[in-house]
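Working through the structure, step by step
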Amino acid sequence: MNKDLVTGGAGFIGSNLVDQLVQDGDEVIVVDDLSMGLASNIPTSPKVTFYEHSITDHGFMKDLLLEEQFDYIYLLAAIASVADSVARPYETHQINQEANIFILETIRENKLPIKKVLFTSSAAIYGNNPELPKHEDSTIDPLTPYAIDKFATERFVIDYGKLYNIPTVAVRFFNVYGPRQNPKSPYSGVLSLITQAAKLQSAFTIFGDGEQTRDFVFIQDVIQALELLSKKSEVIHQVFNVGAGQHTSLNQVIKVYEQIINRDLQIIRKPERTGDIKNSYADINSLRKIGYQPHYDISTGLKLYWESLTD
Ligand code: UD1
């Protein structure tokens with residue numbers, strides 16, 4: 001039986017991953033300080049142990065790593081909001097970079113026999129590079145503390161892998177959406193904000209003309225990608241875009257949502273946000289080559305997201 005560590009396992013993506021790992025029969029240990037996540041997101045199962053702790057507690061993390069001898073480590077704990085990283089750059093650095101390097105360092109120093117360490121980075125590292133689609137080799141333009149730390153940590157993860165022979169891999173998430181996504185901040189993912197507006201029957205604000213596009217990828221497709229990347233032992237020391245490989249405009253999203261809920265959404269239009277990117281989507285050929293196939297188009301994914309709220 002595999003033993004897995006999921007940092008950030010109480011969050012949106014982390015907790016969906018924990019669900020899957022438990023279904024696979026793994027024993028899962030979650031470390032999360034609940035700064036963004038919710039304890040109620042973590043499945044109650046004898047196979048899951050939850051530690052409410054920050055990954056910046058080095059003593060705790062070292063003891064845990066030495067004691068548990070994990071097979072798989074999924075690094076998802078982070079300040080996940082770009083806006084938060086701008087407000088708290090040093091704290092972001094300590095969490096998003098230093099704590100992760102400390103984990104790698106502990107593995108290196110103690111020669112821990114890990115099967116795979118998977119780090120989660122972001123499409124934010126491409127910044128304003130207008131090239132479309134974004135390929136893993138596209139020019140990067142990290143514009144915020146968030147993007148800088150994500151990119152640098154990706155490099156550390158790959159380099160620790162190559163230099164010290166640790167099986168590591170990194171992913172760059174595009175716009176992930178689905179059940180348990182937290183709509184709490186105005187900078188939360190746009191699909192969680194639309195979903196919340198639909199649920200509360202409140203107004204949703206579109207910034208700009210609504211023709212901006214994003215590569216919206218449903219959480220179950222993301223979980224498929226994470227499983228493939230961790231379980232394929234030959235896939236190491238590489239970074240992969242994780243998206244649906246499609247781009248959808250906000251105006252299209254609104255139409256799809258109105259069909260799902262069978263009524264019109266209240267829309268307020270405001271000027272474009274400064275710094276907003278017009279179009280973004282992922283080249284997912286590297287991921288396809290290892291067997292990834294996205295199964296959820298935007299209408300299927302949004303319908304499942306909507307239904308998860310009304311259950
Ligand atoms: C994502 C990040 C953002 C970061 C950017 C850098 C998230 C949630 N956002 O933004 O912090 O700076 O990558 O690559 O991770 N929108 C509306 N109404 C709203 C909310 C958003 O019209 O209420 C628009 C935005 O202006 C944007 C689009 O929807 O044009 C998507 O927004 P968002 O979900 O924040 O994603 P990104 O723009 O990709």
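In this report, the structure presented in the accompanying data block is examined. All values reported here derive from a predicted model rather than from experimental measurement. (Residues numbered from 1 in each chain as written. Predicted model: local features only at pLDDT ≥ 70, side-chain atom pairs only at ≥ 80, totals over all residues. Heavy atoms only, no water.)

Structural notes on the packing of helix α6 (residues 190-200) against helix α8 (residues 250-261)
Our working rule: For every element, the axis is a line fit to its C-alpha atoms; helices are fit only across the contacting stretch, and the angle between N-to-C directions ranges from 0 to 180 degrees. Secondary structure elements are defined from DSSP: runs of H or I of at least 4 residues count as helices, runs of E of at least 2 residues count as strands, and each element is numbered from the N terminus. Should the near helix be turned counterclockwise from the far one by less than a right angle, the crossing is left-handed, whereas a clockwise turn marks it as right-handed. Note on definitions: a residue-residue contact is assigned when non-hydrogen atoms from the two residues lie within 4.5 Å. Throughout this entry, Asp, Glu, Lys and Arg are counted as charged residues, while Ala, Val, Leu, Ile, Met, Phe, Trp, Tyr, Cys and Pro are counted as nonpolar. The remaining residues, Gly among them, count as polar.
Between α6 and α8, whose axes approach to 11 Å, the crossing angle comes to 35 degrees. The hand of the α6/α8 crossing is right-handed. Residues Val 190, Leu 191, Ile 194, Thr 195 and Ala 198 of α6 touch α8, and the partners they reach there are Leu 250, Val 253, Ile 254, Tyr 257 and Ile 261. Residues belonging to the contact of α6 with α8 are distributed by class as follows: nine nonpolar, one polar and no charged.

Focus on unusual backbone geometry
Quick reminder of the rule: For the exposure calls, accessible area comes from a 1.4 Å probe over protein chains only, and a residue counts as buried if that area is under 20% of its type's maximum, exposed if over 50%, partly exposed in between.
Backbone torsion omega between Leu 132 and Pro 133 reads -15 degrees, so that peptide bond is classified as cis. Structurally, the position occupied by Pro 133 is in the loop between β5 (116-122) and α5 (145-164). If you check the backbone angles, Gln 201 has positive phi at about 55 degrees while not being a glycine. Looking at Gln 201, the relative accessible area reads 52%, which means it is exposed. Unusually for a residue other than glycine, Asn 262 sits at a positive phi of about 60 degrees.

Here's the deal with the side chain of Glu 105
As a reminder, the rule being used: Polar contact criterion, stated in full: a pair of N or O atoms within 3.5 Å, where within protein one must be able to donate a hydrogen and the other to accept it, and residues adjacent in sequence count only if both atoms are side-chain atoms.
Looking at the secondary structure, you find Glu 105 in helix α4 (residues 89-110). Here the side chain of Glu 105 touches Tyr 160 through a polar contact of 2.5 Å, side chain to side chain.

Here's the deal with the sheet that holds strand β4 (residues 72-75)
Stated formally: At least two bridges found by DSSP between two strands are what make those strands a pair.
Overall, parallel pairing links the seven strands, which are arranged β3-β2-β1-β4-β5-β6-β11 in an open sheet. Each having just a single partner strand, β3 (48-52) and β11 (239-242) make up the two edges of the open sheet. Going from strand to strand, the sheet's axes swing by 20 degrees on average, the running direction of each strand aside. Strand direction decides the pairing type here: strand β6 (residues 168-173) and β11, joined by four bridges, are parallel. Each bridged residue has a counterpart across the sheet, and for Ala 170 the counterpart in β11 is Val 239. Along the sheet face, α5 touches β5, β6 and β11 and points at about 155 degrees away from the line of β6.

So, the nonpolar core
Rule in force here: Here the nonpolar core consists of buried residues drawn from Ala, Val, Leu, Ile, Met, Phe, Trp, Tyr and Cys, with membership extended through side-chain atoms lying within 4.5 Å. How far each domain reaches was decided by an automatic or database domain assignment.
Formed by 62 residues in total, the largest nonpolar core has its most connected members in Ile 13, Leu 226, Leu 229 and Leu 302. Ranked by the residues each element gives to this core, the list is headed by helix α7 (residues 219-231), at seven residues. Taken together, domain 1 (3-175 + 219-242) and domain 2 (178-215 + 245-282 + 295-310) each give at least three residues to this core, which thus spans both. The residues contacting Leu 302, other than those within four sequence positions of it, are Tyr 177, Leu 191, Val 253, Val 256, Tyr 257 and Ile 260. Counting 29 residues, the second largest nonpolar core, distinct from the first, contains Leu 5, Phe 70, Ile 73 and Val 117.

A look at helix α2 (residues 58-68)
Here is the rule we go by: In this context, the arc is that of the directions from the helix axis out to the C-beta atoms.
When we look at burial in α2, the residues that qualify are Phe 60, Met 61, Leu 64, Leu 65 and Glu 68. Projected onto a plane normal to the axis of α2, the buried residues spread over an arc of 125 degrees and lie on a single side. Lining the buried residues of α2 we find β1 (3-7), β2 (27-32), β3, β4 and α4. Positive phi shows up at Gln 69, right after α2, with a value of about 50 degrees.

With respect to the site of the ligand
Note the threshold: A single heavy atom is enough: if one lies within 4 Å of a molecule or strand, its residue is considered near that molecule or strand. Under the convention used here, a 1.4 Å probe and the Shrake-Rupley method define accessible areas, while residue burial counts only the protein chains that appear.
In the region of the ligand, 18 residues are neighbours, and Val 190, Thr 205, Phe 207, Arg 214 and Asp 276 sit closest. Within the backbone of Val 190, a nitrogen or oxygen atom sits 2.7 Å from an oxygen atom of the ligand. Between an oxygen atom of the ligand and a side-chain N or O atom of Arg 214, the distance comes to 2.8 Å. In the complex, 79% of the free accessible area of the ligand, which totals 730 Å², lies under the protein chains. Breaking the shell around the ligand down by element, the ones donating at least two residues are α6 and β8 (204-207). It is β8 that contributes the most residues to the shell around the ligand, four residues altogether. Per-class residue counts for the shell around the ligand are 10 nonpolar, five polar and three charged. Counting only domains with at least three residues in the shell around the ligand, you end up with domain 1 (3-175 + 219-242) and domain 2 (178-215 + 245-282 + 295-310).

Re the pattern of salt bridges
Put simply, the rule is: In what follows, salt bridge is the name for a side-chain nitrogen of Lys or Arg lying within 4 Å of a carboxyl oxygen of Asp or Glu.
Enumeration according to the criterion identifies 13 salt bridges in this entry. A salt bridge links Glu 68 to Lys 3; the nearest nitrogen and oxygen atoms lie 2.6 Å apart. Of this pair, Glu 68 sits in helix α2 while Lys 3 sits in strand β1, placing them 65 residues apart in sequence. Like Lys 3, Glu 68 is buried. One salt-bridge network, held together by shared partners, links Asp 26, Glu 227 and Lys 231.

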